[in-house]
Structures are given as structure tokens and as C-alpha cells.
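Residues per chain are reported as follows:
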Amino acid sequence: MSVTLHTTLGDLKIEVFCESVPKTAENFLALCASNYYDASPFHRLMPGFMVQTGAPAHPSPPENPKGGRSIFGPAFEDEIRPQLKHDGRGVVSMANKGPGTNGSQFFILFDKAPHLDGLNTVFGRLLGDESVATLVKLEGLEVDKKNRPKDPPRIEKITVHANPLAG
């Protein structure tokens, strides 16, 4: 499976590792299909490391807290797989606050980050030249002292594809 995040800076196509991390994939794909991520900002950006998104654009606590939630409730367990590593640019992984705290937020790497192996669930990778070009634009954004983009780009909508190589 794959999805395309249509962002204000261009498209990011993500191959989702459904067989390797089924619960994480189910959560991500269900949130994508339900329009949960529509208007979600890229709220954290650390050049040379990663960009993070997936918090709700319009939180409504307690059902939909500011930090987001999973389809399984507030959080779900990690699916750490030794074969899935934070080994390069374009790896997509769940953001968390420690073991078993996955919700809706995720990040995309600008470079390898082996210190995250065993801590965050890798569930996908970027596909295609357009995704690479969009990632370059994201990494080049100006950020404040708290690593927040000064003019945060957003996910406008998401297309879910059955075939990861589909257009």
C-alpha cells in the first residue's frame, strides 16, 4: 500500500510496510482514509534530522487531544522490527513519548538516525523524485528557536493507493 500526502509544498508519496508492522499501518491508513490528517501542519523541523507532522489541525480535547490519538484510543504499542531501520533519507517513522505511546504523529528523516532504532516504529519510506524534491523544500524552511517552521506547511489532503507504485 502507499499514500500520497498532498502538501502545500508538493507531494510526498509513502510506501507503507503493511506486512511488517500491521497495527501501525492500520492506524496510519485509517487516519489517512478518514481525512484525519487534512490541514495538519508540519510543526517540528530539524534540518539534517527530520520533519514531524500528524497532530490534528483542529484539536477537540478530550476526544481528539492536541497531540493526536490513534484509532485504537489514546496510544498503542510499538512494532519495533530489527530489519526496519532509521537508515536514510525518506524513512517514515512513528513519533512517540516513550514505549507504547504511538498515536497519530509521525516523522520523515532527512538523514539516517540509527539512535532511533529500537525506540520508534519505522512504517514506511518515501517513493519517487517528486517526494525527494518536496523533502528538499521542507528541509530548507526557516525555523524558530524551538524548531518550528516560521510559516508551517500543511497536509492538504491524502490519496490512498492500493498499489505502492500507482500514480
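All values derive from a computational prediction rather than experimental measurement.

K.L.:
Just checking my understanding: could you explain the overall build of the protein for this structure?
P.N.:
When helices and strands are counted, the protein shows 2 helices and 8 strands. For the protein, the succession of helices and strands along the chain, N to C, is β-β-α-β-β-β-β-β-α-β. Taking 15 Å as the expected radius of gyration for a compact globule of 167 residues, we find that the protein reaches 14 Å, a close match to that expectation. By the burial criterion, 46% of the 167 residues in the protein qualify as buried. When the accessible surface of the protein is summed, it comes to about 8,100 Å², and 54% of that surface belongs to carbon and sulfur atoms. Of the side chains in the protein, 18 bear a positive and 19 a negative charge, and the two mean positions are spaced by 6 Å.

K.L.:
It is not clear to me how the environment of Gly88 should be interpreted in this structure. Could you clarify?
P.N.:
Secondary-structure assignment places Gly88 in the loop between strand 4 (50-53) and strand 5 (91-94). The class of Gly88 is buried, set by a relative accessible area of 14%. Along the backbone, Gly88 and Gly67 are 21 residues apart, and their C-alpha atoms lie at a distance of 26 Å.

K.L.:
Can you walk me through the state of the cysteines in this structure?
P.N.:
In protein chemistry, a disulfide is the covalent bond that joins the sulfur atoms of two cysteines. Across all of its chains, the model carries 0 disulfides by this definition. With no disulfide of its own, Cys18 lies 11 Å from the sulfur of Cys32, the closest cysteine sulfur.

K.L.:
Can you walk me through the layout of surface pockets in this structure?
P.N.:
To find leftover empty space, one rolls a probe the size of a water molecule over the atoms. By volume, the largest pocket is sized at about 430 Å³. Its residues placed into classes, the lining of the largest pocket shows 9 nonpolar, 10 polar and 2 charged. Taken as a whole, the second largest pocket holds about 330 Å³ of empty space. Along the walls of the second largest pocket sit 14 residues, with Pro41, His43, Ala55, Lys66 and Arg148 positioned nearest its centre.

K.L.:
Which parts of the structure should I look at to understand the nonpolar core?
P.N.:
It is characteristic of soluble globular proteins that their nonpolar side chains tend to be buried jointly. Ranked by size, the top nonpolar core spans 38 residues in total, and within it Phe28 and Tyr37 carry the most contacts. Element by element, the count of residues in this core is highest for helix 1 (residues 22-33), at 5 residues.

K.L.:
Even after reading the chapter, I still don't get the pairing of strand 4, so can you show me in this structure?
P.N.:
Look at any regular strand and the pattern is simple: side chains alternate between the two faces of the sheet. Neither face of strand 4 is exposed, since Met50 and Gln52 on one face and Val51 and Thr53 on the opposite face are all buried. Looking at chain direction, strand 3 (residues 44-46) and strand 4 are connected through 3 bridges and run antiparallel. Note on strand 4: the bridge partner recorded for Met46 is Met50. Where strand 3 hands over to strand 4, the hairpin turn is made up of 3 residues, of which Gly48 adopts a positive phi near 85°.

K.L.:
Sorry, what's going on with the pattern of salt bridges here?
P.N.:
Opposite charge on two side chains allows them to pair when their charged atoms are near. Enumeration over the complete set of coordinates arrives at 6 salt bridges. Across the salt bridge formed by Glu142 and Lys150, the nearest N and O atoms sit 3.1 Å from each other.

K.L.:
Help me understand the sheet that holds strand 6 (residues 106-109), please; the structure alone is not making it clear to me.
P.N.:
Within a sheet, neighbouring strands are paired by backbone hydrogen bonds and run either parallel or antiparallel to one another. If you trace the 8 strands from one edge of the open sheet to the other, you get 3-4-6-5-7-2-1-8, paired in antiparallel fashion. Across the chains shown, the open sheet's two edge strands, defined by having one partner strand only, are strand 3 and strand 8 (155-161). Within the sheet, the average angular offset between the axes of one strand and its neighbour, ignoring direction, is 25°. Where helix 2 (residues 129-139) meets the sheet, it contacts strand 1 (2-7), strand 2 (10-16), strand 3, strand 4, strand 6 and strand 7 (122-127), and its direction lies at approximately 115° from that of strand 2.

K.L.:
Any chance you could explain the environment of Val21 here in plain terms?
P.N.:
Mapped onto the elements, Val21 comes out in the loop between strand 2 and helix 1. It is 20 Å that separates the C-alpha atoms of Val21 and Gly68, two residues lying 47 residues apart in sequence. The residues touching Val21, leaving out its near neighbours within four places in the chain, are Glu79, Arg81, Leu84, Thr121, Val122 and Phe123.

Cut-offs applied
- Residues numbered from 1 in each chain as written.
- Predicted model: local features only at pLDDT ≥ 70, side-chain atom pairs only at ≥ 80, totals over all residues.
- Heavy atoms only, no water.
- Helix = DSSP H or I, 4+ residues; strand = E, 2+ residues; numbered from the N terminus.
- Rg over C-alpha atoms; globule rule 2.2 N^0.38 Å.
- Buried < 20%, exposed > 50% of the residue type's maximum accessible area, 1.4 Å probe, protein only.
- Areas by Shrake-Rupley, 256 points an atom, 1.4 Å probe, with all protein chains shown as cover.
- Lys, Arg positive; Asp, Glu negative; His and termini not counted.
- Charge placed at Lys NZ, Arg CZ, Asp CG, Glu CD.
- Disulfide = S-S within 2.5 Å.
- 1 Å grid on protein atoms, 1.4 Å probe; cavity = no way out; pocket = protein on both sides within 12 Å on 5 of 7 lines; lining within 4 Å.
- Points joined across faces, edges and corners; volume = space filled by probe spheres on them.
- Nonpolar A, V, L, I, M, F, W, Y, C, P; charged D, E, K, R; others polar.
- Core = buried A, V, L, I, M, F, W, Y, C linked by side-chain atoms within 4.5 Å.
- Pairing = 2+ DSSP bridges.
- Salt bridge = Lys/Arg side-chain N within 4 Å of Asp/Glu carboxyl O.
- Axes fitted to C-alpha atoms, helices over the stretch in contact; angles between N-to-C directions.
- Contact = heavy atoms within 4.5 Å.

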